[in-house]
Amino acid sequence: MIYADNAATTRISDGAFEQMLPFLREQYGNASSQYSLGVKAKRAVKQARKKVASAIGAEASEIIFTSGGSEANSWILRCVAEFYHNEKIHIITSIIEHHSVLKACRALEQGGGVEVTFLSVDNTGRISVEDVKAAIKHNTKLVSIMLANNEIGTIQPIAEIGQILCERDILFHTDAVQAVGHIPVSVGDLQVDFLTASAHKFNGAKGVGILYKRSGLELSPLIFGGEQEHGLRAGTENVAGIVAAGYAIEESMAKMDESTKRLQAMVYCTVKGILARLPTAQVNGDAKNCLPGIINFSFEGASGEALMQLLDLKGICVSTSSACNSGQDTPSHVLLALGLTEEKAKSAIRISYGRYNTMDQADTIISAVCDAYEKIMAHH
Ligand SMILES: *Cc1c(COP(=O)(O)O)cnc(C)c1O
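Fair warning: this is a prediction, and the values are worked out from it, not measured in the lab. Residue numbers restart at each chain and count upward from 1, following the sequence in its written direction. Since the coordinates come from a predicted model, pLDDT governs what is reported: local features require at least 70, and pairs of side-chain atoms require 80 or more to be given and counted, while whole-chain, interface and lining totals use all residues. As a convention, hydrogens and water are excluded, and side-chain values are obtained from all of the structure's heavy atoms.

### Regarding the overall build of the chain
A run of H or I in DSSP becomes a helix once it reaches four residues, and a run of E becomes a strand once it reaches two; helices and strands are each numbered from the N terminus. Of the regular secondary structure elements, the chain holds 12 helices and 12 strands. Both definitions apply: the radius of gyration is a C-alpha atom measure, and the globule rule equals 2.2 Å times residues to the power 0.38. Its C-alpha atoms give the chain a radius of gyration of 21 Å, within 12% of the compact-globule value 21 Å for 380 residues. Classification of residues uses two cut-offs on accessible area relative to the type maximum, computed with a 1.4 Å probe and protein chains only: under 20% is buried, over 50% is exposed, and between them is partly exposed. Taking all 380 residues of the chain together, 57% fall into the buried category. At a minimum sequence separation of 6, the contacts of the chain that also span at least 24 residues come to 73%. The charged-residue count follows a simple rule in which Lys and Arg add positive charge and Asp and Glu add negative charge, with His and chain termini not counted at all. Every charge is mapped onto a representative atom, which is NZ of Lys, CZ of Arg, CG of Asp or CD of Glu. Treating the 35 positive side-chain charges of the chain as one cloud and the 41 negative ones as another, the clouds have centres 4 Å apart. The contact criterion used is simple: two residues touch if any of their non-hydrogen atoms lie within 4.5 Å.

So this is what it looks like as structure tokens:
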């Protein structure tokens, strides 16, 4: 099998897996218990929190563990709206956000009281800093823009936007799920107030999200109960998952430079190889400001779904757009935002390489994609 869908999720690293095991077996204490079994669990969570904080240039007290990126994104949007429930407020986001941001924004709009501006992007998927500036109103309270897109890999000018917003009384959140562990991320440089990450996107375990909240900012609790996660998200900690997240983020940071070079080389060869055989294929996104491992292609006249299924028969995992869209017959909202026609958007596949992919696998993928496309076209 060749797994090339690392933007959907990644395989847990062997080291992170090994780190989890003791906390699932002999070290199963509740981190709130006072005896040594509990204290050990508490200490492990504390260490993981420090590692995560240090990877993004934050303090440990600014890190809140959640069940995932979706939870963290939904929490922030709801919470800001709730905080200003007496006022008519305005939120700025983009039309290429992950559904956990988009749907949360739509729910707030429908609930009344919140007006949302969904900024469009250029044909490479970039948001313009000027557009953000122009969209600001007297009652804008929050801007939520992703650091890097999960379907096309485009990296947004978050630091520039942060610079504009920090001069004003506007909160700034970024969904950095695709970025953390893959490109350098510093909350100070980005000047964000809140940031979301997710462990299963950087070779940690599924079900562990990270919410950075700048110290001094208020956040209302998501879950009531005990004092876990600074009293904001009660419930017995997912100790093993959190420990794995700490290990995985440290490992990703250590391997980042080498990994980036490898991924970029694989992407370069894949693009070159596919375009050489299929000159009508089109690469979607921004070749310059892009995550190292993601490529999105559209193939005139073919269906992405059909391509994906033919590749699956050969044991190759790629996706049509994002994992959240698949199974629905709707074209990707991200590709439509780039200006692709519905037909072209439906012809797309995303290949996303990760730590465990090799150049040989990239070569296999190139041939398999071209074969699959030719097979589909021959039937037309
Ligand atoms: C995967 C992803 C999420 C959701 O994270 P989960 O931990 O799976 O809930 C949010 N935003 C982006 C950009 C993602 O790629």
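### A look at a positive patch on the surface
Only residues whose relative accessible area exceeds 30% and that form no salt bridge enter a patch; like-charged residues are grouped when within 9 Å of one another, and nonpolar side chains (Val, Leu, Ile, Met, Phe, Trp, Tyr) when within 5 Å. Every accessible area reported is derived by Shrake-Rupley at a probe size of 1.4 Å, with residue values counting cover from the shown protein chains alone. In the sections that follow, a salt bridge refers to a side-chain nitrogen of Lys or Arg positioned within 4 Å of a carboxyl oxygen of Asp or Glu. Together, Lys 40, Lys 42, Arg 43, Lys 46 and Lys 50 line one region of the surface with positive charge. With respect to the helices, strands and loops of the structure, Lys 46 is situated in helix 2 (residues 36–55).

### Observations concerning the sheet that holds strand 6 (residues 171–175)
In this description, strands pair whenever DSSP reports at least two bridges between them. Ordered in space as 2-8-7-6-5-3-4, the 7 strands form an open sheet in which the pairing is mixed. Edge positions in the open sheet fall to strand 2 (63–66) and strand 4 (114–119), since each of these has one partner strand only. Between one strand axis and the next, the sheet turns through 20° on average, direction left out of account. As judged from the 6 bridges shared by strand 3 (residues 89–94) and strand 4, these two strands associate in the parallel manner. By the bridge assignment for strand 4, His 90 is matched with Glu 115. Here the axes come from fitting lines to C-alpha atoms, over the contacting stretch only for helices, and the angles between their N-to-C directions go from 0 to 180 degrees. Relative to the sheet, helix 3 (residues 69–83) contacts strand 2, strand 3, strand 4, strand 5 (140–144), strand 6, strand 7 (194–198) and strand 8 (209–213), its axis offset from that of strand 7 by approximately 160°.

### As for the site of the ligand
When we say a residue is near a molecule or strand, we mean one of its heavy atoms is within 4 Å of it. In the region of the ligand, 13 residues are neighbours, and Ser 70, Asp 175, Gln 178, Ser 198 and Lys 201 sit closest. Pairing of N or O atoms within 3.5 Å defines a polar contact, subject to two protein rules: one partner must be a possible hydrogen donor and the other a possible acceptor, and residues neighboring in sequence count only if both atoms are side-chain atoms. With respect to the ligand, the side chain of Gln 178 contributes an N or O atom lying 2.7 Å from an oxygen atom. Looking at which element gives the most residues to the shell around the ligand, the answer is helix 3, with 3 residues.

### Focus on the domain arrangement of the chain
How big an interface is tends to be expressed through the accessible area that disappears when the partners come together. We note that the domain assignment places domain 1 (2–9 + 256–378) and domain 2 (14–251) within the chain. Domain start and end points were adopted from an automatic or database domain assignment. Inter-centroid distance (C-alpha atoms) of domain 1 to domain 2 is 27 Å. With 27 residues of domain 1 at the contact, the number on the domain 2 side is 33 residues. Throughout, the accessible surface (probe 1.4 Å) given up by two parts as they are put together, summed over both, is called the buried area. Each partner contributes to the roughly 2500 Å² buried at the junction of domain 1 and domain 2, and carbon and sulfur atoms together form 54% of this total. Area buried by domain 1 at its contact with domain 2 is led by Met 256, Leu 291 and Arg 355, which between them contribute 23% of it. Across the pair Glu 251 and Arg 355 runs a salt bridge whose closest N-O atoms are separated by 3.1 Å. At the junction of domain 1 with domain 2, the criterion picks out 12 residue pairs in polar contact (both at pLDDT 80 or more). If you list the elements that add at least two residues to the side of domain 1 that touches domain 2, you get helix 8 (239–277), strand 10 (294–298) and helix 10 (333–337).

### Concerning the nonpolar core
Judged by nonpolar contacts, the single largest core of 71 residues is most densely connected at Ile 56, Ile 63, Val 180, Val 185 and Leu 195. Among the elements that make up this core, the one with the highest residue count is helix 8 (8 residues). Three or more residues apiece are contributed to this core by two domains, here domain 1 (2–9 + 256–378) and domain 2 (14–251). In plain words, nonpolar cores are sets of buried Ala, Val, Leu, Ile, Met, Phe, Trp, Tyr and Cys residues tied together by side-chain atoms within 4.5 Å. By size, the runner-up hydrophobic cluster in this structure holds 29 residues, among which are Ile 351, Ala 362, Tyr 373 and Ile 376.

### Some words on the pairing of strand 2
Of the two faces of strand 2, the one lined by Ile 63 and Phe 65 and the one lined by Ile 64 and Thr 66 are each fully buried. Bridge count between strand 2 and strand 8: 4 bridges; the pairing is antiparallel. For Ile 63, the partnering residue across the bridge sits in strand 8 and is Tyr 212.

### Side note on helix 6 (residues 158–166)
All buried positions along helix 6 are accounted for by Ile 158, Ile 161, Gly 162, Ile 164 and Leu 165. What you see down the axis of helix 6 is that its buried residues fit within an arc of 160°, all on one side. Turning to helix 6, the residues buried within the fold contact helix 5 (129–135), strand 5, strand 6 and helix 7 (187–190). Starting at the helix axis, one direction is taken to each C-beta atom, and the arc is that of these directions.

### Details of the pattern of salt bridges
All told, the structure shown has 12 salt bridges when counted by the stated rule. Here Glu 250 and Lys 51 are joined by a salt bridge, their closest N and O atoms 3.7 Å apart. Of this pair, Glu 250 sits in helix 8 while Lys 51 is found in helix 2, placing the two residues 199 residues apart along the sequence. Note on Glu 250: relative accessible area 43%, which makes it partly exposed. You can call Lys 51 partly exposed: its relative accessible area is 27%. In this structure, the salt-bridge partner of Glu 374 is Arg 277, at a minimum N-O distance of 3.0 Å. Note that Glu 374 is positioned in helix 12 (residues 359–378) and Arg 277 in helix 8, a separation of 97 residues in sequence.

### Observations regarding the sheet that holds strand 12 (residues 348–352)
Strand order in the open sheet formed by 3 strands is 9-10-12, with antiparallel pairing between adjacent strands. The open sheet has two edge strands, strand 9 (282–284) and strand 12, and neither has a second partner. For this sheet the average axis-to-axis angle between neighbouring strands, irrespective of direction, equals 30°. As judged from the 5 bridges shared by strand 10 and strand 12, these two strands associate in the antiparallel manner. The partner of Asn 296 across the bridge, within strand 12, is Arg 350. Across the sheet, helix 8 lies against strand 9, strand 10 and strand 12, angled at about 15° from strand 10, the strand it touches most.

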